[in-house]
There are 2 protein chains.
Amino acid sequence: MRTSTRSSGATARARGGRYGARAIELGMLNRRLGYFVRRLQVWIFQDFISRLAAIDISPAQFSVLAVIDANEGLSQSELAATLGIERARLVRLLHRLEQRALLRRLPSSADGRRHALRLTREGERVLARAKVLSDRHEDELVRRLGAERYRMLLEMLRDV
Amino acid sequence: MRTSTRSSGATARARGGRYGARAIELGMLNRRLGYFVRRLQVWIFQDFISRLAAIDISPAQFSVLAVIDANEGLSQSELAATLGIERARLVRLLHRLEQRALLRRLPSSADGRRHALRLTREGERVLARAKVLSDRHEDELVRRLGAERYRMLLEMLRDV
DNA sequence: CGCACATTGTTGACGTGGACAACAAATTTC
DNA sequence: GAAATTTGTTGTCCACGTCAACAATGTGCG
């Protein structure tokens, strides 16, 4: 096939053996936004996870706690829809967080099917700590991406 | 805790029951780049996967085929490093693609440990088809993000 | 040369996440 | 009041990242 998007002039033919570290081309991946978004997302998550490892909070758990904190008493369906995850997946996320006593599933007053989600005191404390650590994580992103690029990315992606 | 980044003026306290569809706040997620990058990546992948479902090629498989095509004869270690995935994971990806006769692992002439990766004719055909389908996928991204935003994102993320 | 060390590909195991299907209880619709 | 829908839940399957271990091969150095 041979794409035409090869930037270096080296012919692929001539390099079967050992010629030291060669520069490897991305080929048509260079025109695939998803590839770069994926790479960025992976290293953002890696940094996030390592920084919050001390309090054992994953990105998904952080998003759950943050949205409950901002919308006290919302239901699991609402939360799942907001975060774009499956209800089934959320059930297990909540189960672990409830086991750790970070939140409670209260019976909804008006609808017997629903649970009204609330953070516990401990949940608020952990979230406060998570906020501090993830603020530092954002600082790191600013450092690596540059303030301007960071700002533009956040702005562009927020209103998609 | 209560974050100060609440845009609507509604107090969280007053909404325990059923008041119709309420607007749910993201709270501190609004200042987390990773959250939005993740959301974007998820829906990019969903669109990609559904469009390439007809030829049963995942994003990961596509990236493997594309890089081999652009760097005939490279080794598994080089490929894994380029794509940022584990050698162990790559082994299984290659195994399936080789089973489907899309590529071959030839013995490297100079180094008995290495495999020289090459696409088969069939592999090139499938990749050509994948390119067409994923080009349409990129068109869809342009449509949804807007041409300007798409262009800026691709440019910004490429040189991170 | 000979031996320690590094690299390459491979396998196994574990945990996480997304996707579906099925279900019971509760609620809404007509 | 019966049918349809919503909500939370469980189970299952598969993709993926991660880590440890290993055999085969290659490299470096005394």
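Residues numbered from 1 in each chain as written. Chains lettered and ligands numbered in written order. Predicted model: local features only at pLDDT ≥ 70, side-chain atom pairs only at ≥ 80, totals over all residues.

Some points on the relation of the copies chain A and chain B
Between the two copies of this chain, the relationship is a rotation about some axis together with a displacement along it.
Argument step 1. Turning chain A through 180° and shifting it by 0.0 Å along the axis lays it on chain B, with an RMSD of 0.1 Å. Between the two chains, the operation in question is that of a two-fold axis. Judged by C-alpha distance, A:Val37 is the residue of chain A that lies nearest the rotation axis, at 3.4 Å.
Argument step 2. Mapped onto chain B, 98% of the interface residues of chain A are again interface residues, and the two copies thus contact each other with one and the same surface. (Least-squares fit on C-alpha atoms with pLDDT ≥ 70 in both. Contact = placed C-beta atoms within 7 Å.)

Overview of the protein's contact with DNA strand D
Argument step 1. Taken together, 20 residues are adjacent to DNA strand D, and A:Gln76, A:Ser77, A:Ala88, B:Ala88 and B:Gly112 come closest.
Argument step 2. Elements with a minimum of two residues in the surface near DNA strand D: α3 (76–83) and α4 (87–99) of chain A together with α4 (87–99) of chain B.
Argument step 3. Ranked by residues supplied to the surface near DNA strand D, first place goes to α4(A) with four residues. (Near = placed C-beta within 6 Å. Helix = DSSP H or I, 4+ residues; strand = E, 2+ residues; numbered from the N terminus.)

Comments concerning the protein's contact with DNA strand C
Argument step 1. Near DNA strand C there are 21 residues, and of these A:Gly112, B:Ser75, B:Gln76, B:Ser77 and B:Ala88 occur at the shortest range.
Argument step 2. Across the surface near DNA strand C, the residue classes break down as six nonpolar, seven polar and eight charged. (Nonpolar A, V, L, I, M, F, W, Y, C, P; charged D, E, K, R; others polar.)

Some points on the interface of chain A and chain B
By a frequent convention, interface size equals the accessible area lost on bringing the separate parts together.
Argument step 1. Across the boundary between the two partners, chain A contributes 63 residues, which contact 62 residues of chain B.
Argument step 2. Elements that contribute at least two residues to the side of chain A that touches chain B include exactly α1 (33–51), α2 (59–70), α3, α5 (121–145) and α6 (147–158) of chain A.
Argument step 3. When residues in the side of chain A that touches chain B are grouped by element, the largest group, 13 residues, is from α1(A).
Argument step 4. Residue composition of the side of chain A that touches chain B, by class: 32 nonpolar, 14 polar and 17 charged.

Remarks on α4(B)
Argument step 1. Between the first and last C-alpha of α4(B) there are 18 Å, a value that for 13 residues agrees with the 18 Å anticipated at 1.5 Å per step.
Argument step 2. Looking one or two places after α4(B), you find B:Ala101, whose phi comes out positive at around 65°. (Expected span 1.5 Å × (residues − 1).)

Considering the nonpolar core
Argument step 1. Counting residues in each nonpolar core, the largest one holds 72 residues, and the members touching the most others are A:Leu65, A:Val67, A:Ile68, B:Leu65, B:Val67 and B:Ile68.
Argument step 2. In contact with A:Ile68, not counting residues within four places along its chain, are A:Leu74, A:Leu79, A:Leu103, A:Leu117, A:Arg118 and A:Leu119. (Core = buried A, V, L, I, M, F, W, Y, C linked by C-beta atoms within 7 Å. Buried ≥ 20, exposed ≤ 12 C-beta atoms within 10 Å, placed from the backbone.)

Examining the packing of α1(A) against helix α1 (residues 33–51) of chain B
Argument step 1. At a minimum axis separation of 9 Å, α1(A) and α1(B) run at an interaxial angle of 140°. Viewed along their axes, α1(A) and α1(B) adopt a mutual orientation that is oblique. Between α1(A) and α1(B) the crossing geometry is left-handed. Between α1(A) and α1(B), the residues in contact are A:Leu33, A:Gly34, A:Val37, A:Arg38, A:Leu40, A:Gln41, A:Ile44, A:Phe45 and A:Phe48 and B:Leu33, B:Gly34, B:Val37, B:Arg38, B:Leu40, B:Gln41, B:Ile44, B:Phe45 and B:Phe48, respectively. (Axes fitted to C-alpha atoms, helices over the stretch in contact; angles between N-to-C directions. Parallel < 35°, antiparallel > 145°, perpendicular 65-115°, else oblique. Left-handed = near helix turned anticlockwise from the far one by under 90°.)

Focus: the packing of α6(A) against α1(B)
Argument step 1. At their nearest, the axes of α6(A) and α1(B) sit 9 Å apart, and the two run at 50° to each other. With respect to their mutual orientation, α6(A) and α1(B) come out oblique. Crossing hand, α6(A) versus α1(B): left-handed. Residue-level contacts link A:Tyr150, A:Leu153, A:Leu154, A:Leu157 and A:Arg158 of α6(A) to B:Leu33, B:Phe36, B:Val37 and B:Leu40 of α1(B).
Argument step 2. Split into classes, the residues belonging to the contact of α6(A) with α1(B) amount to eight nonpolar, no polar and one charged.

Quick look at the confidence of the model for chain A
Argument step 1. Considering every residue of chain A, the mean pLDDT works out to 88; 87% of them sit at 70 or more.
Argument step 2. Segment residues 1–20 of chain A is flagged for pLDDT under 50; beyond a separation of four residues in sequence, or across chains, it makes 27 contacts in the model. (pLDDT = per-residue confidence, 0-100.)

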